[in-house]
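# Summary of the model geometry
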Amino acid sequence: MHPLWNELRRAIPLIVHQNQYVMNVTWTTIRVALVSTGCALALGMPIALTIGLGRFRGRRVLHILANASLALPPVLVGVWVLVFLVPHAPFGSLRYANTLTAVYIAQTVLALPFMVALVPAAIQALPPGLLDQARAFGASRRQLSMLALREARIGVLVAVIAALASTLTEVAAVIIVGGNQVDIDQTLASAIVEQIGNGTTTYALALGIVLLALVLVLMAVLTALQQFSGGIHLRFRTTS
């Protein structure tokens, strides 16, 4: 226990005194998580609403494929994104390979399945007849979508937070498409891999503590939102 305790005693001051390297990696990680999740939300919500509310042949198959996308291996996503971005590739002229933009793209692809799989599941779990009643009253597609998202808001929040957690902790895709470059596209998870490889356990522990803290904050936010929503429903039932 003494070696671990000694490493912790050296790692914690790096966080408390806001070591420049630790702070830079932390803010890069947060930026990547927010941008990638935002892009996945914008791209995935129309697809999720189509699967959750649509009435067309093949919808069930589409939902199965959406669920299967949750198991996409991150390393495979990283390889395929890089294949499209390297010189002489379809998008090679953009020169995004080994840049932060490439990390955004890969992380967006990895966050997208949470939107297209979990949001439709939340919508389909709504009380039977709720959406049918709205349709019977002549609700437009936009009104129906807003109703579904409002009633399934906890499921939507779970999808968003799951996507954020995924982008915060991803390693393989970040290293493959970005190159794990310090002060450019290195995230907490990929930096930990580098520090362990370099034998600098103190920095690895400091980065790991920060990463764990970010994940715990996300879980705390999710729990608080669930309890808050439950309180709203309880008050509604009591007053009605």
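Everything numeric in this text was worked out from a predicted model, so none of it was measured.

What follows concerns the confidence of the model for the chain. On average, residues of the chain score 87 in pLDDT, and 94% of them are at 70 or above. The low-confidence segment residues 232–240, where pLDDT is below 50, has 2 contacts with residues more than four positions distant or belonging to other chains.

Turning our eyes to something else, we now look at the pattern of salt bridges. Side-chain pairing between opposite charges can occur once the charged atoms of the two side chains come close. If you walk through the whole model with that rule in mind, you get 2 salt bridges. Across the pair Arg-135 and Asp-132 runs a salt bridge, and its minimum N-O distance is 3.1 Å. Separated by 3 residues within a single helix, Arg-135 and Asp-132 lie in helix H6 (residues 130–136), roughly one turn from each other. Residue Glu-151 is joined to Arg-150 by a salt bridge in which the shortest nitrogen-to-oxygen separation is 4.0 Å. Overall, the relative accessible area of 32% leaves Glu-151 in the partly exposed class. On the accessibility criterion, Arg-150 (47% relative accessible area) is partly exposed.

Contact pair helix H2 (residues 20–53) / helix H10 (residues 188–198): the axes reach a minimum separation of 8 Å and the direction vectors enclose 140 degrees. Taken together, the axis directions place H2 and H10 in an arrangement best described as oblique. Where H2 abuts H10, its residues Tyr-21, Val-25, Thr-26 and Thr-29 lie against Leu-188, Ala-191, Glu-194 and Gln-195.

With that settled, the discussion passes to unusual backbone geometry. Note: most peptide bonds trans; most residues except glycine with negative phi. A positive phi angle, near 70 degrees, is found at His-88, a position not held by glycine. Inspection of the secondary structure puts His-88 in the loop between helix H4 (74–85) and helix H5 (100–124). On the basis of relative accessibility, which here comes to 86%, the residue His-88 falls in the exposed class. Despite not being glycine, Asn-180 has its phi angle at roughly 60 degrees, a positive value. Structurally, Asn-180 can be placed in the loop between helix H9 (172–178) and H10.

Here we come to the packing of aromatic side chains. Enumeration over the complete set of coordinates arrives at 3 aromatic pairs. Geometrically, the ring pair formed by Trp-80 and Phe-84 is tilted, given 6.3 Å between the ring centres and 35 degrees between the ring planes. Residue Trp-80 and its partner Phe-84 are both found in helix H4; the two are separated by 4 residues, about one turn of the helix. A ring pair is formed by Phe-84 and Phe-91, whose centres lie 6.4 Å apart and whose planes are at 40 degrees; its orientation type is tilted. Classification of Phe-84 by relative accessible area gives partly exposed; the value is 35%. The exposure class assigned to Phe-91 is partly exposed, which follows from its relative accessible area of 45%. The rings of Trp-80, Phe-84 and Phe-91 are connected pair by pair, giving a single aromatic cluster.

Here we take up the nonpolar core. Among the nonpolar cores identified, the biggest contains 43 residues, and Val-22, Val-119, Ile-123, Leu-131, Leu-188 and Leu-207 are the most heavily contacted of them. Only helix H1 (2–16), H2, H5, H6, helix H7 (141–151), helix H8 (153–169), H10 and helix H11 (201–239) provide two or more residues apiece to this core. Examining the composition of this core, we find that 10 residues originate from one element, H2, more than from any other. Within the second largest apolar cluster, 13 residues are counted, among which are Val-81, Tyr-104, Ala-106 and Val-177.

Calculation criteria
Residues numbered from 1 in each chain as written. Predicted model: local features only at pLDDT ≥ 70, side-chain atom pairs only at ≥ 80, totals over all residues. Heavy atoms only, no water. pLDDT = per-residue confidence, 0-100. Contact = heavy atoms within 4.5 Å. Salt bridge = Lys/Arg side-chain N within 4 Å of Asp/Glu carboxyl O. Helix = DSSP H or I, 4+ residues; strand = E, 2+ residues; numbered from the N terminus. Buried < 20%, exposed > 50% of the residue type's maximum accessible area, 1.4 Å probe, protein only. Axes fitted to C-alpha atoms, helices over the stretch in contact; angles between N-to-C directions. Parallel < 35°, antiparallel > 145°, perpendicular 65-115°, else oblique. Phe/Tyr/Trp six-rings, centres within 6.5 Å; stacked < 30°, edge-to-face > 60°. Core = buried A, V, L, I, M, F, W, Y, C linked by side-chain atoms within 4.5 Å.

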